[in-house]
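Chain by chain, the residues run as shown.
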Amino acid sequence: MKKQVILTVMQGSFQQGFPVNLEIREDVTPFSLIWGDVGRLPALGDIEIFDSLKKWQSNFERNNGNSISRIKVQGEGAKVFNNLAAQNLASNINQWLNSSEKCWRKILDGLQQHLQPNDDIRVILQTDDANLRRLPWPAWNLFSETYHHSEISLSTLTVKPPSFKQSDCRKSAVRILAVFGNNDEIDIKFDRKILDSLAERGAEITPLNKPKKAELLECLRDTQGWHIFFFAGHSSTLPDGQIGEFEISDSESISIDDLKNAMKSAIAKGLQLAIFNSCDGLGIANQLAKLYLPQSIVMREVIADEAAQKFLQDFLTAFANNQLLYTAVAEARQKLADEKNKLFPGISWLPVICQNPAVEPLMWKQLLNWKCLHTLKDHSDVVNSVAISPNQNIIASGSLDQTIKLWNLSTGELLHTFTGHSSAVIDVAFSPDGKTLASASNHEFFDGSIKLWDVANKQFKQSLGNTLLALRTSCLAFSPDEQTLANGHIGTTLMGGTIDIWNLRRSKIEKTLWGHVWEVNCLAFSKDGRILVSGGLDGAVKIWNWHRKELLHTLIRPVDFFGALASWFDSSVGIIWCVAISPDGKTVAASGSEQPIQLWNTENGRLLRTFTEHSDSIYALAFSPDGETLASGGADNTIRIWNFHTGELLETLEHLGPVKSVVFSCDGKSLVSGSADATVKIWRVPV
């Protein structure tokens, strides 16, 4: 589970202690509160944290006393590290933070009671105290040793959301303004090489080499806006810990205050991350936080050249491969510890995220637009359904032209055409192992309702449901166990709107779920196979424990049969054409002819959120595999991409006809759509 821990430390002192407020939330917008309490961070007493901090910091000072240059660690004049300093500092920090003092103990107990070792935990320390911000909080063993999927960041006490919307920031490339400043005795060519390599992941780098202040101001105000501001060179924090300076050239040093208005303009246009791969950047991060920049990454102390390069390479590699910002920083710090900690004790404590708590963690792909790479035109009529093989890079599409076509997901090449249905192909679905394709059709001329196909050998395997009792098989879904297929259909009587559960090993219906008044249009299994969701012509969405044939919730419509039958004549409710379940199984999305997109909690059936931007019926829904976005396709000829946690519409894609089906690839990098314009489109984020 993703959780957010906000530890707010108010004004106090190390001699008297600090009042604190703790909130543990679900790390999904809106950030719903799990638990909270107030307490007090104890006084230091005789714990010599600052003495050990100074001894550890002395490792990160150059021999000549110049604290703004990266450290020389090899050859003549190399720095000799005190190996015990980091151990002593960590020991003192843990003695203090693991105190048994009552007002602090209840905070620790609350953390341990409401956090699990496997949780993904984002910890935000909110404080304006410069000395608290200076401490290496990653040394706290409560998180470093117990919660291995955690990362601690800093924040100021005053926060507010940025003025831009995430949807306004998506572009065809991740725009990075990269400033390479004074490079005396450091090799920033390596930094430039790492940034240039991001072009393969959809980045557009604008480098400024030792710019004048006026040139930098002009670039920050670029009308296209920036996603990331990067600096490599020399920097430092002034003694008060509130202000930082960085050398943009050999002769000019500036602070964020010198760029304040231009930086505000850049943030308003979508600047979301600043990376200062330079020394002692806490003052810079503090100034950026006061401008409400969503995120920045800086170094706590002076850092060795090779360590700065190592962190930057590992962080950007992970981040550009769609790791969450926090996960990418945590991974890069762990690699830095493994490779460099013996040479530089405590080196992995230096990189730190400074976070605006009102903003969700950034992901690389959130910055990029979807692009249509291929439009496939071999169908001669409406494409009703598309599916993607889990492991074979194959698309299947079913059409009113009575054919099923297989395509190469990467190239768009037509691989094969299945024929055999004597009526429109309504739905197609791959088995979880990708070896079998199921197709559903109208029942005309004893078609057989459901056909199974051997994907590898491109051969027909068998028919299911060859009976006049099923006039049309309207939807299909495989359960994760690979041996169960569910289908919804309309029969010859009013009671024919059922869901059949097939045992494929025996080619036999094992269970039948009764509850819909009329045709069942759409089905979806949860990823763990525990529940099945259905939507129907009767306007009802139903959540089932299909193993026990138990109806858990009926959404939208009355639960009883006669109430549902009566409400079916209420045209304002309309038909449910599509349902989808989020990867974590907690959210159901449903929509149709008169319905907006509605999101429901699967456990209690509570309505969570409603999306209304489509202008006509909605035929298709799909959650991305990472659980971050929802795609919808409708009769208004559009595909819409949503952040379903916040309700924000991120992007709109277009067909020339109504969009009948959408599906994400298993890695989330591709989206495939089928339309009434008789085409299949392959969309991809350039990552």
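It should be emphasised that the depicted structure is a prediction, and the values quoted were computed from it without experimental measurement.

Turning next to the overall build of the protein. In terms of regular secondary structure, the protein is built from 13 helices and 42 strands. Its C-alpha radius of gyration of 29 Å places the protein within 12% of the 26 Å reference for a compact globule of 687 residues. Per-residue burial over the protein gives 61% buried out of 687 residues. The contacts of the protein with a sequence gap of at least 6 include a subset with a gap of at least 24, amounting to 59%. Only carbon and sulfur atoms are counted for the fraction: they give 48% of the accessible area of the protein, which is about 26,700 Å². Charged side chains of the protein number 66 positive and 76 negative; the gap between the two group centres comes to 1 Å.

With that settled, consider the pattern of salt bridges. Evaluated as defined, the whole model comprises 25 salt bridges. The residue Arg25 makes a salt bridge to Glu23 at a minimum N-O spacing of 2.6 Å. Of the charged contacts, one joins Asp280 and Arg134 as a salt bridge, the two residues approaching to 3.0 Å between their closest N and O atoms. Within this pair, whereas Asp280 is found in the loop between strand 12 (273-277) and helix 10 (282-290), its partner Arg134 is found in helix 4 (residues 130-134), the two being separated by 146 residues in sequence. Grouping residues by exposure puts Asp280 and Arg134 together as buried. One network of salt bridges, with partners in common, ties together Arg134, Asp280 and Glu301.

Turning our attention to unusual backbone geometry. At Tyr292, a residue that is not glycine, the phi angle is positive and equals roughly 65°. Here Tyr292 is to be found in the loop between helix 10 and strand 13 (295-299). In this structure, Asn322 is a non-glycine residue whose phi angle is positive, near 75°. Tracing the chain through its elements places Asn322 in the loop between helix 11 (305-320) and helix 12 (325-340).

Note: α-helices contain 3.6 residues per turn, so residues at a spacing of three or four share the same orientation. In this model, helix 3 (residues 102-114) (13 residues) spans 18 Å end to end at C-alpha, consistent with the 18 Å of a helix rising 1.5 Å per residue. If you check which residues of helix 3 are buried, you get Trp104, Ile107, Leu108, Gly110 and Leu111. The arc that holds the buried residues of helix 3, viewed along the axis, is 155°, so those residues lie on one side. Among the exposed residues of helix 3, those oriented more than 90 degrees off its buried face are Lys102 and Gln113.

Attention now goes to the sheet that holds strand 18 (residues 404-408). Pairing in this open sheet of 4 strands is antiparallel, and the strands run 16-17-18-19 from one edge to the other. Of all the strands in the sheet, just strand 16 (383-388) and strand 19 (414-418) have a single pairing partner and so form its edges. Taking the axes of each pair of neighbouring strands and ignoring which way they run, one obtains an average angle of 20° across the sheet.

The next thing to look at is the side chain of His516. Tracing the backbone shows His516 in the loop between strand 27 (508-513) and strand 28 (520-525). Within the structure, the side chain of His516 is placed 2.7 Å from the side chain of Ser534, a separation counted as a polar contact. Those residues within four positions of His516 in sequence are excluded, and the remaining contacts are Gly497, Ile499, Ser534, Gly535, Gly536, Asp538, Ala540, Lys542 and Trp544.

Here helix 12 spans 22 Å end to end across 16 residues, near enough to the 22 Å set by a 1.5 Å rise per residue. Among all positions in helix 12, only Leu325, Tyr326, Ala328, Val329, Ala330, Ala332, Arg333, Leu336 and Lys340 are buried. Residues of helix 12 that are buried in the fold lie against strand 4 (120-126), strand 5 (150-155), strand 12, strand 13, helix 11 and strand 14 (351-355).

Pairing is antiparallel across the open sheet formed by 4 strands, whose spatial order is 36-37-38-39. The open sheet is flanked by strand 36 (618-623) and strand 39 (648-654), the only strands paired with a single partner. The sheet shows a mean angle of 20° between the axes of neighbouring strands, taken without regard to direction. The pairing of strand 38 (residues 638-643) with strand 39 spans 6 bridges and is antiparallel. Across the sheet, Arg640 pairs through a bridge with Thr652, a residue of strand 39.

The next thing to look at is the environment of Glu613. Turning to its location among the elements, Glu613 is positioned in the loop between strand 35 (607-611) and strand 36. Sequence spacing of Glu613 and Lys210 is 403 residues, and the spatial spacing of their C-alpha atoms is 47 Å. Residues in contact with Glu613, not counting those within four places in the same chain, are Arg640, Trp642 and Leu649.

Relative to each other, helix 1 (residues 49-58) and helix 2 (residues 83-97) sit at 150°, their axes nearing to 8 Å. It follows from the interaxial angle that helix 1 and helix 2 lie roughly antiparallel. You can see that helix 1 and helix 2 cross each other, and the crossing is left-handed. Listed contacts from helix 2 to Ile49, Ser52, Leu53, Lys55 and Trp56 of helix 1 are Ala85, Ala86, Asn88, Leu89, Asn92, Ile93 and Trp96. Here the contact of helix 1 with helix 2 is composed, by residue class, of 8 nonpolar, 3 polar and 1 charged.

Here the focus is the packing of helix 7 (residues 189-196) against helix 11. The N-to-C vectors of helix 7 and helix 11 enclose an angle of 5°; their axes lie 10 Å apart at closest approach. By the angle between their directions, the pair helix 7 and helix 11 is classed as roughly parallel. Between helix 7 and helix 11, the contacting residues are Phe190, Asp191, Ile194 and Leu195 on the first element and Gln309, Leu312, Gln313 and Leu316 on the second. Its residues assigned to classes, the contact of helix 7 with helix 11 comprises 5 nonpolar, 2 polar and 1 charged.

Averaged over all residues, the pLDDT of the protein is 90; the fraction at 70 or higher stands at 92%. Low pLDDT, under 50, characterises residues 63-78; the predicted model gives this stretch 43 contacts beyond four residues in sequence or across chains.

The buried fraction of strand 36 amounts to 5 of the 6 residues, a majority that puts the element mostly inside the structure. Relative to strand 37 (residues 630-634), strand 36 is paired through 5 bridges, and the arrangement is antiparallel. In the sheet register, Ile618 faces strand 37, and the bridge partner there is Gly634.

On to the environment of Ala320. Structurally, Ala320 can be placed in helix 11. We classify Ala320 as buried; its relative accessible area is 1%. Sequence separation between Ala320 and Glu200 is 120 residues, and the spatial gap between their C-alpha atoms is 9.6 Å. Non-local contacts of Ala320, meaning those with residues more than four positions away in its chain, are made with Leu198, Arg201 and Trp364.

Analysis parameters
- Residues numbered from 1 in each chain as written.
- Predicted model: local features only at pLDDT ≥ 70, side-chain atom pairs only at ≥ 80, totals over all residues.
- Heavy atoms only, no water.
- Helix = DSSP H or I, 4+ residues; strand = E, 2+ residues; numbered from the N terminus.
- Rg over C-alpha atoms; globule rule 2.2 N^0.38 Å.
- Buried < 20%, exposed > 50% of the residue type's maximum accessible area, 1.4 Å probe, protein only.
- Contact = heavy atoms within 4.5 Å.
- Areas by Shrake-Rupley, 256 points an atom, 1.4 Å probe, with all protein chains shown as cover.
- Lys, Arg positive; Asp, Glu negative; His and termini not counted.
- Charge placed at Lys NZ, Arg CZ, Asp CG, Glu CD.
- Salt bridge = Lys/Arg side-chain N within 4 Å of Asp/Glu carboxyl O.
- Expected span 1.5 Å × (residues − 1).
- Arc of directions from axis to C-beta.
- Pairing = 2+ DSSP bridges.
- Axes fitted to C-alpha atoms, helices over the stretch in contact; angles between N-to-C directions.
- Polar contact = N/O pair within 3.5 Å; in protein donor to acceptor, adjacent residues only side chain to side chain.
- Parallel < 35°, antiparallel > 145°, perpendicular 65-115°, else oblique.
- Left-handed = near helix turned anticlockwise from the far one by under 90°.
- Nonpolar A, V, L, I, M, F, W, Y, C, P; charged D, E, K, R; others polar.
- pLDDT = per-residue confidence, 0-100.

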